[in-house]
Amino acid sequence: MPEHTTTRRVLVVEDEPIINQAVSDRLQAEGYDVVRAWDGPGAVSCFEETSPDLVVLDVMLPGYDGLEVCRRIQAVRPVPVLMLTARVDEADVLVGLGVGADDYLTKPFRARELVARVNALLRRVERAAELAASPRRTAEIGGLRLDPAARRVWVHGDEVRLTPTEFDLLVCLATDPGAVVTRERLLAEVWGWNDASGTRTVDSHVKGLRAKIGADRVRTVHGVGYALEAGE
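What counts and how
Residues numbered from 1 in each chain as written. Predicted model: local features only at pLDDT ≥ 70, side-chain atom pairs only at ≥ 80, totals over all residues. Heavy atoms only, no water. Helix = DSSP H or I, 4+ residues; strand = E, 2+ residues; numbered from the N terminus. Buried < 20%, exposed > 50% of the residue type's maximum accessible area, 1.4 Å probe, protein only. Pairing = 2+ DSSP bridges. Contact = heavy atoms within 4.5 Å. Axes fitted to C-alpha atoms, helices over the stretch in contact; angles between N-to-C directions. Phe/Tyr/Trp six-rings, centres within 6.5 Å; stacked < 30°, edge-to-face > 60°. Lys NZ or Arg CZ within 6 Å of the ring centre and 35° of its normal. Polar contact = N/O pair within 3.5 Å; in protein donor to acceptor, adjacent residues only side chain to side chain. UniProt positions renumbered as here; feature names shortened; annotations may be inferred. Core = buried A, V, L, I, M, F, W, Y, C linked by side-chain atoms within 4.5 Å. Parallel < 35°, antiparallel > 145°, perpendicular 65-115°, else oblique. Nonpolar A, V, L, I, M, F, W, Y, C, P; charged D, E, K, R; others polar. Salt bridge = Lys/Arg side-chain N within 4 Å of Asp/Glu carboxyl O. Expected span 1.5 Å × (residues − 1).

**Focus on the overall build of the chain**
Each helix and strand counted, the chain has eight helices and 12 strands in total. The proportion of buried residues among the 232 residues of the chain is 48%.

Below is the structure:
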């Protein structure tokens, strides 16, 4: 049974008809309202016309690729994006995350895992909305200033633009600066997963976060997790 109480709309963008149909059917079975596109220009047009709550986006598309689609739709309005990719090279994953994608799945994938990722991303949006409505509070850690309600962050006075997931990851690490946060806890609190199947996703987002706030600010504890440090 679906976890959401109101119907959410998901845009599925995939040029392979069998995969597009399978993903759409499964999401519809979970109670989602699904709209579909098969190429880059069609995806952007469909996004503008239907205002989906989340986008499942293949990387390799005719017209222009999924990375360009992601850039264009995020320029219209922020929206959670789950990318589907046949590429296993981490550089490609980081490029995707850098243009505003929140998570990725490597083909082939299980339908159950796809649904779990979609549910987790939408739960994150709900939590962010609740936080934005809460009393304003900021945190400062060695030149890094964080405003969770406004979802803004500054490093030495300069504002840094983070993806929604990078921001949530930073908030989780900042709850106890210097303390090690396990990958399992990050998966549970940021992604809403209760197993360790997504540790590579955590590592990829941490790399993206480091590139923006400074590599020395996020310390790796091998085999355990990460800690937010004051930096230099």
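**Comments concerning the sheet that holds strand β10 (residues 181-182)**
Judged by pairing direction, the sheet is antiparallel, and its three strands sit side by side in the order β10-β12-β11 without closing on themselves. The strands lining the two open edges of the sheet, one partner per strand, are β10 and β11 (218-221). As paired elements, β11 and strand β12 (residues 225-228) share four bridges and run antiparallel to each other. Each residue of the ladder has a partner; that of Thr220, found in β12, is Tyr226. Packed on one face of the sheet, helix α6 (residues 164-174) meets β10, β11 and β12 and runs near 75° to β12.

**Some words on the packing of aromatic side chains**
Under the criterion given, the structure shown has zero aromatic pairs. The ring of Tyr64 is capped by Arg72, whose NZ or CZ atom sits 4.2 Å from the centre of that ring. The side chain of Arg145 reaches across the aromatic face of Trp154, ending 4.0 Å from its centre.

**A look at the environment of Arg152**
Take Arg152: it is sitting in strand β8 (residues 152-155). For Arg152, a relative accessible area of 36% gives the class partly exposed. Along the chain, Arg152 and Phe167 lie 15 residues apart, while their C-alpha atoms are 8.1 Å from each other. For Arg152, the residues in contact, after removing those within four places along its chain, are Arg145, Leu146, Asp147, Glu159 and Phe167. A distance of 2.9 Å separates polar atoms of two side chains, one belonging to Arg152 and the other to Glu159.

**Quick word on the UniProt feature "modified residue: 4-aspartylphosphate" (unreviewed entry) in the chain**
UniProt records the feature "modified residue: 4-aspartylphosphate" (unreviewed entry) at Asp58, using the numbering of this structure. Within the secondary structure layout, Asp58 lies in strand β3 (residues 54-58).

**A few points about the nonpolar core**
Core analysis: the largest hydrophobic core is formed by 28 residues, its most contacted members being Leu170, Leu173 and Ile213. By residue number, the principal contributor to this core is α6, which donates seven residues. Residue contacts for Leu170: discarding those within four places in its chain leaves Leu144, Leu146, Val153, Leu162, Leu209, Ile213 and Leu228.

**Comments concerning the packing of α6 against helix α8 (residues 199-213)**
Contact pair α6 / α8: the axes reach a minimum separation of 10 Å and the direction vectors enclose 85°. When the interaxial angle is binned, α6 and α8 end up roughly perpendicular. Counting all contacts with α6, which are made through Thr165, Glu166, Leu169, Leu170 and Leu173, the residues of α8 involved are His205, Val206, Gly208, Leu209, Lys212 and Ile213. Partitioning the contact of α6 with α8 into residue classes produces six nonpolar, three polar and two charged.

**Some details on the pattern of salt bridges**
According to the stated counting rule, one finds 16 salt bridges in the structure shown. The shortest N-O distance in the salt bridge between Lys107 and Glu14 comes to 3.0 Å. One end of the pair, Lys107, is in the loop between β5 (103-106) and α5 (111-132); the other, Glu14, is in the loop between β1 (9-13) and α1 (17-29), with 93 residues separating them in the sequence. In this structure, Arg152 and Glu159 form a salt bridge, with 2.9 Å as the shortest nitrogen-oxygen distance.

**Notes on α8**
Because each turn of an α-helix spans 3.6 residues, side chains separated by three or four positions in sequence point in the same direction. The end-to-end C-alpha distance of α8 is 21 Å, a good match for the 21 Å that 15 residues give at a rise of 1.5 Å each. Taken residue by residue, α8 has Thr201, Val202, Asp203, Ser204, His205, Val206, Gly208, Leu209, Arg210 and Ile213 as its buried positions. Two residues or fewer after α8 comes Gly214, characterised by a positive phi angle close to 115°.

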